[in-house]
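# Fold and geometry: a report
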Protein chains: 2
Amino acid sequence: MLDSTQRPSVVVDTSRSPHSRLKSLPLTDVRLLDGLWEPRRRINRKVTLPSQYDFLESTGRLDNFRRASGKLDAPFQGIYFNDSDVYKWLEAASWELAAGSDPELERMVDVAISEVEDAQQPDGYLNTYFMLDKASERWTNLRDMHELYCAGHLIQAAVAHHRATGNELLLDVARRLADHICQVFGLEKSDKKEGVGGHEEIEMALVELYRDTGEYRYLEQARYFLDARGRGLIGGGEYHQDHKLFQGQDEAVGHAVRAVYLYAGAADAYAETGDEEVLRALERLWDNVTTRRMYVSGGIGSRYDEESFGRDFELPSARAYAESCAAIGSVMWNWRMLMLDGDARYADLMEHTLYNAVLPGLSLDGQNYFYQNPLTDDGEHRRQPWFGCACCPPNIARLLVSLPGYFHGVSDESVWVHLYAEGEAEIHLNEKRVIKVRQRTSYPWDGNVEVEVNGEGEFALMLRIPSWCETGAGIEVNGEPFDGSVSPGSYAEVRRAWRPGDTVRVTLPMPVRCVESHPYVTENAGRVALMRGPLLYCVEQADNPALNLRDLVLTAGEDFLDHFRPDLLGGVSVLEGHARTEAPDEEWDGRLYRTVQAHADVQQDDATRITAVPYYAWANREPGAMQVWLRSR
Amino acid sequence: MLDSTQRPSVVVDTSRSPHSRLKSLPLTDVRLLDGLWEPRRRINRKVTLPSQYDFLESTGRLDNFRRASGKLDAPFQGIYFNDSDVYKWLEAASWELAAGSDPELERMVDVAISEVEDAQQPDGYLNTYFMLDKASERWTNLRDMHELYCAGHLIQAAVAHHRATGNELLLDVARRLADHICQVFGLEKSDKKEGVGGHEEIEMALVELYRDTGEYRYLEQARYFLDARGRGLIGGGEYHQDHKLFQGQDEAVGHAVRAVYLYAGAADAYAETGDEEVLRALERLWDNVTTRRMYVSGGIGSRYDEESFGRDFELPSARAYAESCAAIGSVMWNWRMLMLDGDARYADLMEHTLYNAVLPGLSLDGQNYFYQNPLTDDGEHRRQPWFGCACCPPNIARLLVSLPGYFHGVSDESVWVHLYAEGEAEIHLNEKRVIKVRQRTSYPWDGNVEVEVNGEGEFALMLRIPSWCETGAGIEVNGEPFDGSVSPGSYAEVRRAWRPGDTVRVTLPMPVRCVESHPYVTENAGRVALMRGPLLYCVEQADNPALNLRDLVLTAGEDFLDHFRPDLLGGVSVLEGHARTEAPDEEWDGRLYRTVQAHADVQQDDATRITAVPYYAWANREPGAMQVWLRSR
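Residues numbered from 1 in each chain as written. Chains lettered and ligands numbered in written order. Predicted model: local features only at pLDDT ≥ 70, side-chain atom pairs only at ≥ 80, totals over all residues. Heavy atoms only, no water.

### Regarding the sheet that holds strand E6 (residues 433-441) of chain B
Residues and elements named next belong to chain B. Selection rule: Strand pairing is assigned whenever DSSP identifies at least 2 bridges connecting the two strands. Only DSSP runs of H or I covering at least 4 residues are called helices, and only runs of E covering at least 2 are called strands; the numbering of each starts at the N terminus.
Pairing within the open sheet is antiparallel, and its 7 strands lie in the order E1-E5-E6-E7-E12-E9-E10. In this open sheet, the two strands that pair with only one neighbour each are strand E1 (30-32) and strand E10 (480-481). Relative to strand E12 (residues 502-507), strand E9 (residues 474-477) runs antiparallel, the two sharing 4 bridges. When the sheet's bridge partners are listed, Val477 is paired in E12 with Val504.

### Here's the deal with the pattern of salt bridges
As a reminder of what qualifies: Salt bridges, as used here, are contacts in which a Lys or Arg side-chain nitrogen is within 4 Å of a carboxyl oxygen on Asp or Glu. A 1.4 Å probe rolled over the protein chains alone gives each residue an accessible area, and that area as a share of the maximum for its type sets the label: buried under 20%, exposed over 50%, partly exposed in between.
Using the criterion set out here, one finds 116 salt bridges over all chains in the structure. Two residues, Asp348(A) and Arg464(A), come together in a salt bridge whose shortest N-O distance is 2.2 Å. Of this pair, Asp348(A) sits in helix H12 (residues 344-358) while Arg464(A) sits in strand E8 (residues 457-465); the two residues are 116 residues apart in sequence, bridging distant segments of the chain. On the basis of relative accessibility, which here comes to 10%, the residue Asp348(A) falls in the buried class. By relative accessible area, Arg464(A) is classed as buried at 0%. The partner of Arg211(B) in a salt bridge is Glu272(B), and the shortest N-O contact between them spans 2.6 Å. In this pair, Arg211(B) is assigned in helix H7 (residues 202-213) and Glu272(B) in helix H9 (residues 256-273), connecting sequence segments 61 residues apart. Like Arg211(B), the residue Glu272(B) is buried in the burial classification. Overlapping salt bridges bring together Arg163(A), Glu208(A), Arg211(A), Asp212(A), Asp268(A), Glu272(A) and Arg336(A) as one network.

### Things to note about helix H13 (residues 392-402) of chain B
Residue and element names in this part refer to chain B. To keep things clear, this is the line we draw: Pairs of residues are marked as contacts when any of their non-hydrogen atoms sit within 4.5 Å.
When you tally the buried positions in H13, you get 11 out of 11 residues, the bulk of the element. Within H13, burial applies to Cys392, Pro393, Pro394, Asn395, Ile396, Ala397, Arg398, Leu399, Leu400, Val401 and Ser402. The elements touched by buried residues of H13 are helix H1 (37-58), helix H3 (83-99), helix H5 (147-165), H9, helix H11 (324-341) and helix H12 (344-358).

### As for the interface of chain B and chain A
We apply this condition: As used here, buried area is the combined drop in accessible area, with a 1.4 Å probe, of two parts when they are placed together. Any N or O atom pair separated by 3.5 Å or less is treated as a polar contact, with the protein-specific requirement of one donor-capable and one acceptor-capable atom, and with residues adjacent in sequence counted only for side-chain atom pairs. Under the scheme applied here, ten amino acids are nonpolar (Ala, Val, Leu, Ile, Met, Phe, Trp, Tyr, Cys and Pro), four are charged (Asp, Glu, Lys and Arg), and all others, including Gly, are polar.
Contact with chain B, which involves 47 residues of that partner, is made by 47 residues of chain A. The three residues of chain B that bury the most area against chain A are Tyr520(B), Leu592(B) and Tyr593(B), which together make up 19% of that side's buried surface. If you look at where chain B meets chain A, you find 12 salt bridges. Here Arg311(A) ties to Asp378(B) by a salt bridge, and the two come within 2.8 Å at their closest N and O atoms. Taken together, the connections running from chain B to chain A amount to 22 residue pairs in polar contact (both at pLDDT 80 or more). Residue assignment for the side of chain B that touches chain A shows that the elements contributing at least two residues are helix H10 (276-292), strand E13 (512-517), strand E14 (527-532) and strand E19 (593-595) of chain B. Sorting elements by how many residues they give to the side of chain B that touches chain A places E13(B) first, with 5 residues. When the residues that make up the side of chain B that touches chain A are grouped by side-chain class, the tally is 19 nonpolar, 9 polar and 19 charged.

### Focus on the pairing of strand E18 (residues 572-583) of chain A
All names here are of chain A. Extensive coverage of E18 is indicated by the burial of 9 of its 12 residues. The pairing of strand E16 (residues 552-554) with E18 spans 2 bridges and is antiparallel. Its bridge partner lying in E18, Val553 is registered against Arg580. Hairpin connection between strand E17 (residues 561-565) and E18: a loop of 6 residues separates the two successive antiparallel strands, and Leu569 in this loop has a positive phi of roughly 50°.

### Considering unusual backbone geometry
The omega torsion of the bond from Tyr443(A) to Pro444(A) falls at 10°, within 30 degrees of zero and hence cis. As for its placement among the helices and strands, Pro444(A) is situated in the loop between strand E6 (433-441) and strand E7 (448-454). Of note in this structure, Phe313(A) is not a glycine but carries a positive phi near 70°. Along the chain, Phe313(A) falls in the loop between helix H10 (276-292) and helix H11 (324-341). Positive phi values are uncommon outside glycine, yet Leu569(B) reaches one of about 50°.

### Structural notes on the relation of the copies chain B and chain A
A rotation about some axis, followed by a shift along it, carries one copy of the chain onto the other. Heads up, the rule is: Residues below a pLDDT of 70 in either copy are left out; the C-alpha atoms of the rest, at least 70 in both, set the least-squares superposition of the copies.
Laying chain B over chain A is done by rotating through 179° and shifting 0.0 Å along the axis; what remains is an RMSD of 0.1 Å. Both copies of the chain, as the preceding transformation shows, are related through a two-fold rotation axis. Within chain B, the C-alpha atom positioned nearest to the axis of rotation is that of Glu523(B), 1.9 Å from it. In this assembly, 100% of the residues forming the interface of chain B have copies in chain A that are likewise at the interface, indicating an isologous arrangement.

### Observations regarding the environment of Ala93(B)
All names here are of chain B. On the secondary structure map, Ala93 appears in helix H3. Using a relative accessible area of 0% as the deciding quantity, one classes Ala93 as buried. As for Ala93 and Met108, which are separated by 15 residues in sequence, their C-alpha atoms are 8.8 Å apart. Among all residues touching Ala93, those that are not within four sequence positions of it are Leu49, Leu105 and Val109.

### A few points about the packing of helix H1 (residues 37-58) of chain A against helix H2 (residues 61-68) of chain A
Residue and element names in this part refer to chain A. Rules: Lines fitted to C-alpha atoms define the axes, with helix axes restricted to the stretch in contact, and inter-axis angles between N-to-C directions lie between 0 and 180 degrees. The cut-offs work like this: below 35 degrees is roughly parallel, past 145 is roughly antiparallel, 65 to 115 is roughly perpendicular, and the gaps in between are oblique.
Contact geometry of H1 with H2 gives a least axis separation of 4 Å together with a crossing angle of 45°. Of the possible angle classes, the one that applies to H1 and H2 is oblique. Contacts between H1 and H2 pair Tyr53, Leu56 and Glu57 from the former with Arg61, Leu62, Asp63 and Arg66 from the latter. A class-by-class count of the residues in the contact of H1 with H2 yields 3 nonpolar, no polar and 4 charged.

### Focus on the side chain of Arg513(B)
Our working rule: Only four residue types enter the charge count: Lys and Arg as positive, Asp and Glu as negative, with His and the chain ends excluded.
Turning to its location among the elements, Arg513(B) is positioned in strand E13. Although buried, Arg513(B) forms no salt bridge, and the nearest oppositely charged side chain, Glu470(B), lies 4.3 Å from it. Those residues in contact with Arg513(B) that lie beyond four places of it in its chain are Thr595(A), Trp468(B), Glu470(B), Ala529(B), Leu530(B), Met531(B), Arg532(B) and Gly533(B).

### Examining helix H7 (residues 202-213) of chain A
Residue and element names in this part refer to chain A. Put simply, the rule is: A helix's residues, less one, multiplied by 1.5 Å, set its expected span.
The first and last C-alpha atoms of H7 sit 16 Å apart over 12 residues, in line with the 16 Å expected at 1.5 Å per residue. A large share of H7 lies buried, amounting to 12 of its 12 residues. For H7, the complete set of buried residues consists of Ile202, Glu203, Met204, Ala205, Leu206, Val207, Glu208, Leu209, Tyr210, Arg211, Asp212 and Thr213. Here the buried face of H7 lies against helix H5 (147-165), helix H6 (169-184), helix H8 (216-228), helix H9 (256-273) and H11. A positive phi of about 80° marks Gly214, the residue just after H7.

### Some points on the sheet that holds strand E5 (residues 423-429) of chain A
Read from one edge to the other, the open sheet built from 7 strands follows the order E1-E5-E6-E7-E12-E9-E10 (chain A), with strand pairing classed as antiparallel. Each edge of the open sheet is held by one strand with a lone partner, namely strand E1 (30-32) and strand E10 (480-481) of chain A.

### Here's the deal with the packing of aromatic side chains
To keep things clear, this is the line we draw: Only rings of Phe, Tyr and Trp enter the pairing, Trp through its six-membered ring, and a pair is recorded when the two centres are within 6.5 Å. The plane angle decides the type: under 30 degrees is stacked, over 60 is edge-to-face, the rest tilted. Placement of a charge over a ring requires the Lys NZ or Arg CZ to be within 6 Å of the ring centre, with the centre-to-atom vector within 35 degrees of the ring normal.
Under the defined criterion, the tally for this structure stands at 58 aromatic pairs over all chains. Pairwise contacts between aromatic rings join Phe76(A), Tyr80(A), Phe81(A), Tyr129(A) and Phe130(A) into one cluster. Above the plane of the ring of Tyr520(B) lies Arg550(A), whose end atom (NZ or CZ) is 3.9 Å from the centre. Over the ring of Tyr304(B) we find Arg319(B), and its NZ or CZ is 3.8 Å from the ring centre.

By themselves, these are just geometric observations and shouldn't be taken as functional.
Pasting the structure below:
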């Protein structure tokens, strides 16, 4: 075990990973001061985490632990993988404790940890579903019963609690369970039981446990589980990504959350072990997702059926599944990919997904969640306070808590700025120098970012030039034009001998963009989506009460302009412009199909004013229609 | 019980139904002699029915009956509703026996009936899943376990066997089970158990059993089950159409096959009981399906998720579920609606669904089946020889066997021609006169139909003028223009004093039509489908090997012409014409979304020759892409 001074509150710790170029910063070294994320994070802390804890109690999720430890004589409550919700909440709350003292939250965390600890079996086994009457069924159905998945979440929670507080209580529980797993599962020739989990998660968790403890066997075990997939141990189905050895996979298939959790775990394994075939598979999968199987929001997993990826270009809007957890998993995966080599495409997608696929999952009041995220809706789809299968709520919470960790990175002689928002960070470069970076900006509403650098000596400041900023990006250093490359979709490398107070001005123009889909996305043919900066927009009935959104047609050349409205939806820039409405002609009454007319009159009205709001903020007012993809002429 | 001379082989016998305008003809009174259906029916008789019987044996479906009767000591095999496959096969085979002697088929039928009979319990109960160790679970889960569904199929098989052969063996089994059901289920105040089946079928079956036996209690029991729906007895879910009282239903929701079986049963109940609220609900549901929730093929049920109807206009092409059984149920429902009042719209849809949604379900060789029927495919979706859940194969078989019964109808002083095909029928008008009707035509490849009428005295010949025949339909009687109304989507009423050999010539011009979808079907925006006569067409890779079907663009004004190819796909008219190909430009390489360009160059090639084949015949050659909806300029 590393000594406590070496346990910073880093969510993914690649500081000793031989195949990772970047390291991340401890959560405690970054402070967000912006008007978008930080209010959300405050609500997450003050409202979301306590209200989720109440659900853990009221739905019997904590009672399941009390039952397992014999404190309570009652039936198991809820779904067999409900332990994972407790662990994900514990992970979120633990990272929160890293940020500072909160006695009420500490009390909840302590209660939860003590219930978890008391439920552990003498041999290290821990899963409250497979206790008492079901104890004989342990590890008998790895495909369906999520035991390794729950174990993985316990380990992640334990690492978080340990790094955040230095306390080893939960970590010891996790180590006992991990040791038990290491004893039970492995290659047959080692006299162990062969097996692999139907819902991935354990892979990431064991790598992180290795990073936190230095115990190599946890990394070996993670690698075993990665390599055991695709050998038919759990039936060989695409649903569980068990259809091929990981190194041979090239299409994102099956359950989307499981898939991206696997990819994130594989990226962790690559960072430590450097298997080039794993990296190549990850790159192929990334290409497949991003060029064939991803919503314009960054959401992934098209199908309600099996919560799965669809085929190439299968991206229905109203029936988009696009589970919030899959978007979160995508951020986790892209973050790990980014750290491997510092390729800006991963940071681009991470930013895009955070704003447009993760953030929509949570209501402005922090108490209601989307599980599915459609791109058009008639007003029926609303966020819910909780779910029987409640994977998304604590997942969103733990992501928001850990968000500051995603803003920066550090490598040999370089300080990286991945994301932009008002805030500050303290960056330890090569364990020799401390660099303070202060961002002044109203990003994402405006693309001007002033980065004040306080640190001395030569190093590079790596500034991401987002791929959405297709033209006009610029950098000035202390008022002088920067003479290096400033290219969208890459990091501008500002290398110099720095002096305290040096200021770099990044200019990222944010015109409103009309975005179209690949022609093979049939549902979006003839349609565009409005974007500005990193944000995807939508039209909502609430802003356009007199219009049938389905009849809107944007006319070419129409210019939309942004307008910041501090009063609206927590403060957003709306987009305002004009569109026509074209209603179906009367010949359509009572018909679904008809022979094409020579040319039927279209009922075309005069252009009308329409307002679009950021997609992340939809469904926070009275129920009504919403549409991302708009017809276009 | 009616005496045997009054038991004609009529599939749906409305001859004594007070609220039905039309009666159908016995299967034995109609002979198809055409080149499309009759070869299919011959294969059904010679190949499909024997091969399905082999599956009933090899998959343990018949052994389940042997197990239940104590002849076999073995576990139950397959799915809990597998009895229904035996019954549906028995229904198909029984109707086949009506057509004439076939010793081999008779032997199979006799074996199956004797196994069924031997498995029945002394109290009349019969379901091989709920026997022996599971006997105590009878009727405990009506929502999920399909007991009433299986019972319904047994009753339908028994009525078929009785009407086809005059033999009462299976009918007696069915009556004992029906009597048991009548004793068990009913209003609570009658000291019975309240209940309703999660998968509808019993409703139609009990009405038909009433029609066959004259026992009014079976009709009452059917009516009880119709009225019990929507009272929350099985949870109140849309999936089971239990969300509302039937009389209040106005949107087709939930599992599509269940829905249309319910609607067919409700139409049967209306025919006998005349409840106007039931009729109004049926009409509302029909409007909802046909103007909002139906594929251009006539297929219904958009979603893989729950095999269910989608929302209005939710009609994805590649992910169309459009289960073959749902199309068959739609034919059954429309047939019953047609008989109520002779409204041609029901016959129109029945014809359309038979050609374009039922017929695709079966391969040309009669041995492979589609469960789902996509409207575009990349070549992966292929017909299968059997399914674990094998509802579709015997359903297609029983429909093909009973098909001749759908061609004609009879009412007071009128002889009805619903469908066109080379063939002949003997029609008993008012039990006084026998009218022989002979159709000479190569329909559906050509719209000229000569109807020779042999019968004397005054009556009306009702000739359907299909709604697809939008212009130019005409009728001549003995070479003279008919002076009555000849209007698409209605029956032309040719009333006269007939003399032997009178000939009516119906001319139904069949230009190729480009059909478009309602603008709210987003996936079909800017696309057309090719139709000719009653047939929907598609383009297949096999006929257009050098083309990427997704890149095809039909240009306005391009004229497609039909060309009969006797050698192709059992003999079909193909459509030949020209289209351009427009491939995505190179800027799309590696992208899924992009900012709209000022105007990007489209790679537009010269017009190329393309060939379309009837949709029903797709996937009968080497695997390859298929597309119904084509881009259009």
